[in-house]
Amino acid sequence: MESKRQQKFAGVIQQDLAAIFQREGMNYLPNTMVTITKVRVTPDLALARIFLSFFNSGNTQLALQTIKSHANEIRYKLGARIKDQVRVIPQLEFFVDDTSEYVERMDKIFDKISKEDRQPETE
């Protein structure tokens, strides 16, 4: 269970990282939209786990590796934005949020189940 402080700090990070990706995301991943779906922060606020969703990307693992390779640069830009609000700029860990893919896969399964013929029960 995250504390209010962690949740508030995660919200600040999510908002500022979204602005960074919106302005400079094309430098990292051209023709790809990056969305920050969730941010989780450790209790000491030293580590932030950022979950990303990629749209218009053929290979999400390659896109994630590209973001990870620019993690120090992204952390520096984040630090420039939030330096007056925090003592320590957290380390950033990036992960792929595959929730939308999971939901899409489950919808297909449910559609398949609903289209199957219902067999009458015989006893």
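As recorded by an unreviewed UniProt entry, the protein carries the name Ribosome-binding factor A and is attributed to Mucilaginibacter boryungensis. UniProt, in the comment section headed Subcellular location (unreviewed entry), describes the protein in these words: "Cytoplasm". Database annotation for the protein, UniProt heading Subunit (unreviewed entry): "Monomer. Binds 30S ribosomal subunits, but not 50S ribosomal subunits or 70S ribosomes."

Participant: What should I look at first to understand the environment of Gln61 in this one?
Facilitator: Turning to its location among the elements, Gln61 is positioned in helix H2 (residues 60-69). Given a relative accessible area of 46%, Gln61 falls into the partly exposed group. Each C-alpha atom of the pair Gln61 and Val96 lies 7.9 Å from the other, and the pair is 35 residues apart in sequence.

Participant: Please clarify how the packing of aromatic side chains should be interpreted in this entry.
Facilitator: The description of an aromatic ring pair rests on the distance of the ring centres and on the angle between the ring planes. The final tally for this structure, using the stated rule, is two aromatic pairs. Here the aromatic rings of Phe51 and Phe95 are separated by 5.4 Å at their centres, their planes lie at 25°, and the arrangement is stacked. Separated by 44 residues along the polypeptide, Phe51 in strand E2 (residues 47-55) and Phe95 in strand E3 (residues 91-96) bring together distant segments of the chain. Accessibility expressed as a relative area gives 30% for Phe95, which makes it partly exposed. Just above the ring of Phe51 sits the side chain of Lys38; from NZ or CZ to the centre is 4.9 Å.

Participant: Where do I start with H2 in this structure?
Facilitator: In an α-helix there are 3.6 residues to a turn, and that puts residues three or four apart on one side. Burial in H2 covers these residues: Thr60, Ala63, Leu64, Thr66 and Ile67. The arc that holds the buried residues of H2, viewed along the axis, is 160°, so those residues lie on one side. Opposite the packed face of H2, turned more than 90 degrees from it, sit the exposed residues Leu62 and Ser69. Where the residues of H2 are buried, they touch helix H1 (4-28), E2, helix H3 (71-82), E3 and helix H4 (99-115). At the N-terminal boundary of H2, the capping side chain belongs to Asn59, with an oxygen 3.2 Å from the backbone nitrogen of Gln61.

Thresholds, definitions, all that
- Residues numbered from 1 in each chain as written.
- Predicted model: local features only at pLDDT ≥ 70, side-chain atom pairs only at ≥ 80, totals over all residues.
- Heavy atoms only, no water.
- UniProt positions renumbered as here; feature names shortened; annotations may be inferred.
- Helix = DSSP H or I, 4+ residues; strand = E, 2+ residues; numbered from the N terminus.
- Buried < 20%, exposed > 50% of the residue type's maximum accessible area, 1.4 Å probe, protein only.
- Phe/Tyr/Trp six-rings, centres within 6.5 Å; stacked < 30°, edge-to-face > 60°.
- Lys NZ or Arg CZ within 6 Å of the ring centre and 35° of its normal.
- Arc of directions from axis to C-beta.
- Contact = heavy atoms within 4.5 Å.
- Polar contact = N/O pair within 3.5 Å; in protein donor to acceptor, adjacent residues only side chain to side chain.

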